Amino acid sequence: MDQGTASPAPEPRPPAAGSRLTRRKPVELFTADGRGEGGALRRSLGVWQLTAISIGATLGTGIFVVLGEAVPEAGPAVVLSFALAGVTALFSALSYAELAGTIPVAGSAYSYTYATMGELLGWVIGWCLILEYGVSVAAVAVGWGEYLNELLDGTVGVTLPDALAAPPGEGGLFNLPALLLVLLATALLLGGVRESATANAVMVVVKIAALLMFCAVAVTGVRAGNYTPFMPLGLAGVNAAAATLFFSYIGFDAASTAGEEARNARRDLPRAIILSLAVVTVLYCLVAAVAVGALDWRGFTGSEAALAGILQRVTGQAFWSVLLSLGAVVAIASVVLAVLYGQTRILFAMARDGLIPGIFSRVHPGTGVPRANTLFVAAFCGLLAAVIPLGRLADATSIGTLFAFALVNVAVIVLRRTRPDLPRGFRVPLFPLLPALGFAFCAWTMAGLDAVTWTVFGLWLAGGLGVYLGYGIRHSRLNTLG
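The rules we used
- Sequence order as written defines residue numbering, which begins from 1 separately in each chain.
- Local features in a predicted model are, by the rule used here, given only for residues with pLDDT of at least 70; side-chain atom pairs are given and counted only at 80 or more, and totals for whole chains, interfaces and linings are based on all residues.
- Here the side-chain values reflect all heavy atoms present in the structure, with hydrogen atoms and water set aside.
- Numbering of helices and strands starts at the N terminus; helices are DSSP runs of H or I of at least 4 residues and strands are runs of E of at least 2.
- Burial classes follow relative accessibility: with a 1.4 Å probe on protein chains only, a residue under 20% of its type's maximum area counts as buried, one over 50% as exposed, and anything between as partly exposed.
- Here, residues are in contact when the closest pair of their heavy atoms is within 4.5 Å.
- For the accessible areas, the method is Shrake-Rupley and the probe is 1.4 Å, while residue cover comes only from the protein chains on display.
- Each helix should span, by expectation, one fewer than its residue count multiplied by 1.5 Å.
- By convention in these notes, a salt bridge is any Lys or Arg side-chain nitrogen within 4 Å of a carboxyl oxygen on Asp or Glu.
- An axis is simply a line fitted to the C-alpha atoms; with a helix, the fit covers only the stretch in contact. Between two such axes, the angle follows the N-to-C directions and lies from 0 to 180 degrees.
- Angles below 35 degrees are treated as roughly parallel, those above 145 as roughly antiparallel, those between 65 and 115 as roughly perpendicular, and all remaining angles as oblique.
- The sense of a crossing depends on the near helix, which, turned anticlockwise from the far helix by less than a right angle, makes the crossing left-handed and, turned clockwise, makes it right-handed.
- Side-chain rings of Phe, Tyr and Trp (the six-membered ring for Trp) are treated as a pair once their centres are within 6.5 Å; stacked means planes under 30 degrees apart, edge-to-face means over 60, and tilted covers the remaining angles.
- Note on criteria: charge over ring means Lys NZ or Arg CZ within 6 Å of the ring centre, with the direction from the centre no more than 35 degrees off the ring normal.
- The quantity known as pLDDT measures the predictor's confidence residue by residue, on a range of 0 to 100.
- Here, nonpolar core refers to any group of buried Ala, Val, Leu, Ile, Met, Phe, Trp, Tyr and Cys residues whose side-chain atoms link them within 4.5 Å.
- Surface patches are drawn from residues lacking salt bridges whose relative accessible area is over 30%; two like charges belong together within 9 Å, two nonpolar side chains (Val, Leu, Ile, Met, Phe, Trp, Tyr) within 5 Å.
- We score Asp and Glu as negative and Lys and Arg as positive, and we do not count His or the chain ends.
- Where a charge lies is defined by one atom per residue type: Lys uses NZ, Arg uses CZ, Asp uses CG and Glu uses CD.

Topic: the overall build of the chain
(1) Moving on: Check the secondary structure of the chain and you find 18 helices and zero strands.
(2) Moving on: By the burial criterion, 57% of the 482 residues in the chain qualify as buried.
(3) Moving on: Counted over contacts in the chain with a minimum sequence separation of 6, partners at least 24 positions apart contribute 84%.
(4) Moving on: On the chain, roughly 17800 Å² of surface is accessible, and the fraction owed to carbon and sulfur atoms is 68%.

In structure tokens, the structure reads:
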């Protein structure tokens, strides 16, 4: 061989299938990835806007709509159910806060799991987050239609016919209000993150005011006898209601999806996550305590606009229930806006990693918004909202979220052990006790969900595994790294 001619370097072999499933994306690569196709997301959000995103994504349907489904399960002890669900969320919120301050990127739990436990589990969590965010948008939009009808009835004396205001299986053909709400939120998101964040902040102020107004008026109708028996269905009822009400806390993690649009992500994301959960938990417990005191718990059965009905009963006047319905219409709209935003950013992160098609990471150069991504999510969520009943959507969302939260608690422990050198904007206190409790509470709450919900979840995971093996594993960006 001519010694002056270098032999060609052998082409790298693709990693074995097993190592592909467990390979991790380095934290440094996450933080270096600042762009999608066509541009980067714009850093324009401060701590109050991030907090409003989390409150906007959380505070709404759980207290305005799902309360009517949870009270018949737990009775007056629904207050304990809210507290239990809040504690479950708190442990996970602390873990989210640490990871958001350590890996401040779009993608939330998907990115955290990918960095700590490998690509397959990262994909599974991303797939669960699609269930959490995408399906919860639809569930929230369904509840919005109930309060819109209350508002129309109290102001102009008409309501939408069931054929246009309820899904198949609940007396209707098509839930038009739910679809219209998703389209309205989409239009706001397409305008840009700063504009949609401002609209969300205004709506958050309106819905907090509406809930405080409810408490001030409904407390005049509280009767001590309505609190007895306090736990008519026992601890099993409290646990079952907590599993349903956990849906009410979905959204505090929405700020973590804005990791690449926060001006000071390491400092502000942990603050926003913890502050938003504290505000929401206090309001939920306060409103629930007043509601079950003002109305016998058996009277909640079949009501998806329970709070408006309580005000009507307590005051005997339509004015207060109309006012609350107006606040609920605004409140639930802000949930759809904030959660839809979070869904698009998770898909953006997954597409940038190559696990789903690149069109989801394509950023519009004028607005800094992943436009095609947003339109696709709107179409998917709008269709679900139009044809699927609320209760089944809420349970499916809860199980996907609980699974994601459980692994976020594990991810904190893993990252502390494997990368203690990383800068952290926040550290979970009493480590590793609190993350371990967070995992345990999530597992216990998941056990309270019914067999049908578990079956749907299993089918969803199986479908996601098929997508990953058929597309994601072959297109992962990690395939191109040494």
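From this point, the discussion proceeds with the structure in view.
Some details on the side chain of Gln-343
(1) Moving on: Checked against the element boundaries, Gln-343 lands in helix H14 (residues 318-352).
(2) Moving on: What makes Gln-343 buried here is its relative accessible area of 2%.
(3) Moving on: In contact with Gln-343, not counting residues within four places along its chain, are Leu-129, Ile-130, Tyr-133, Gly-134 and Val-377.

Some details on helix H5 (residues 78-102)
(1) Moving on: Taking 1.5 Å of rise per residue, 25 residues should cover 36 Å, and H5 covers 36 Å from first to last C-alpha, within 8% of that figure.
(2) Moving on: Most of H5 is tucked away: 20 of the 25 residues are buried.

Thoughts on the pattern of salt bridges
Side chains that differ in sign of charge can pair as their charged atoms come close.
(1) Moving on: A full pass over the atoms with the stated rule returns nine salt bridges.
(2) Moving on: With a shortest N-O distance of 3.0 Å, Glu-261 and Arg-345 are connected by a salt bridge. Here Arg-345 lies in helix H14 and Glu-261 lies in the loop between helix H11 (234-245) and helix H12 (265-294), a separation of 84 residues in the sequence. In terms of burial, Glu-261 and Arg-345 fall into one category: buried.
(3) Moving on: Two residues, Asp-296 and Arg-298, come together in a salt bridge whose shortest N-O distance is 3.1 Å.
(4) Moving on: Using a relative accessible area of 25% as the deciding quantity, one classes Asp-296 as partly exposed.
(5) Moving on: What you see here is one network of salt bridges that share partners, running through Glu-98, Arg-416 and Arg-424.

Thoughts on the packing of H5 against helix H17 (residues 433-447)
(1) Moving on: Axis separation between H5 and H17 bottoms out at 8 Å; the angle between their running directions is 135°. One way to sum up the angle between H5 and H17 is to call them oblique. When the axes of H5 and H17 are compared, the crossing they make is left-handed. Of the residues in H17, those touching H5 at Leu-84, Val-87, Thr-88, Phe-91, Ser-92, Leu-94 and Ser-95 are Leu-434, Pro-435, Leu-437, Gly-438, Phe-441, Cys-442, Trp-444 and Thr-445.

A closer look at the packing of aromatic side chains
Centre-to-centre distance and the angle between the planes together describe a pair of aromatic rings.
(1) Moving on: For the coordinates displayed, the defined rule picks out 16 aromatic pairs.
(2) Moving on: A centroid spacing of 5.2 Å and a plane angle of 40° characterise the contact between Phe-82 and Tyr-284, whose relative ring orientation is tilted. Here Phe-82, found in helix H5, pairs with Tyr-284, found in helix H12; they are 202 residues apart in sequence, far enough to count as distant.
(3) Moving on: Phe-82 sits in the buried class, given a relative accessible area of 0%.
(4) Moving on: Overall, the relative accessible area of 0% leaves Tyr-284 in the buried class.
(5) Moving on: Feature note: the residues Tyr-96, Tyr-112, Phe-252 and Phe-405 constitute an aromatic cluster, connected by ring pairs.
(6) Moving on: Directly above the ring of Phe-431 sits Arg-416, whose terminal nitrogen or CZ lies 4.1 Å from the centroid.

Quick word on the confidence of the model for the chain
(1) Moving on: For the chain, per-residue confidence averages 83 on the pLDDT scale, and residues scoring 70 or more make up 89% of the total.
(2) Moving on: At the level of individual helices and strands, the chain shows its lowest average pLDDT in helix H1 (residues 17-22), which scores 68, and its highest in H12, which scores 91.
(3) Moving on: Within the model, pLDDT remains below 50 along residues 1-14, and this stretch shows one contact once partners closer than five positions in the same chain are excluded.

With respect to unusual backbone geometry
(1) Moving on: Residue Pro-229 is reached from Thr-228 by a cis peptide bond, and omega for that bond is -10°.
(2) Moving on: Residue Phe-431 is joined to Pro-432 through a cis peptide bond whose omega torsion reads 0°.
(3) Moving on: Relative to the elements of secondary structure, Pro-432 occurs in the loop between helix H16 (390-418) and H17.
(4) Moving on: Backbone geometry at Ser-108 places phi at a positive 55°, although glycine is not the residue there.

Some thoughts on the environment of Val-78
(1) Moving on: Within the secondary structure, Val-78 sits in helix H5.
(2) Moving on: Between the C-alpha atoms of Val-78 and Ala-288, which are 210 residues apart in sequence, the distance is 7.2 Å.
(3) Moving on: Those residues in contact with Val-78, other than ones at most four positions away along the chain, are Leu-67, Ala-70, Val-71, Leu-245, Ala-288 and Val-292.

Some points on the nonpolar core
Note that soluble globular proteins tend to have their nonpolar side chains buried in a common cluster.
(1) Moving on: The biggest cluster of nonpolar side chains holds 153 residues, and the ones touching the most others in it are Phe-64, Leu-67, Val-78, Phe-82, Phe-214 and Leu-307.
(2) Moving on: Take this core: its biggest share by element is 20 residues, from H14.

What about a negative patch on the surface?
(1) Moving on: The grouping of Glu-146, Glu-150, Asp-153 and Asp-162 at the surface amounts to a negative patch.
(2) Moving on: Counting residues per element, the negative patch draws most heavily on helix H7 (residues 119-155), which supplies three residues.
(3) Moving on: Residue position: Asp-153 is located in helix H7.

Points about the environment of Ser-111
(1) Moving on: Residue placement: Ser-111 occurs in helix H6 (residues 109-117).
(2) Moving on: According to the relative accessible area criterion, Ser-111 is buried, its value standing at 0%.
(3) Moving on: In this structure the C-alpha to C-alpha distance between Ser-111 and Lys-25, which are 86 residues apart in sequence, comes to 8.6 Å.

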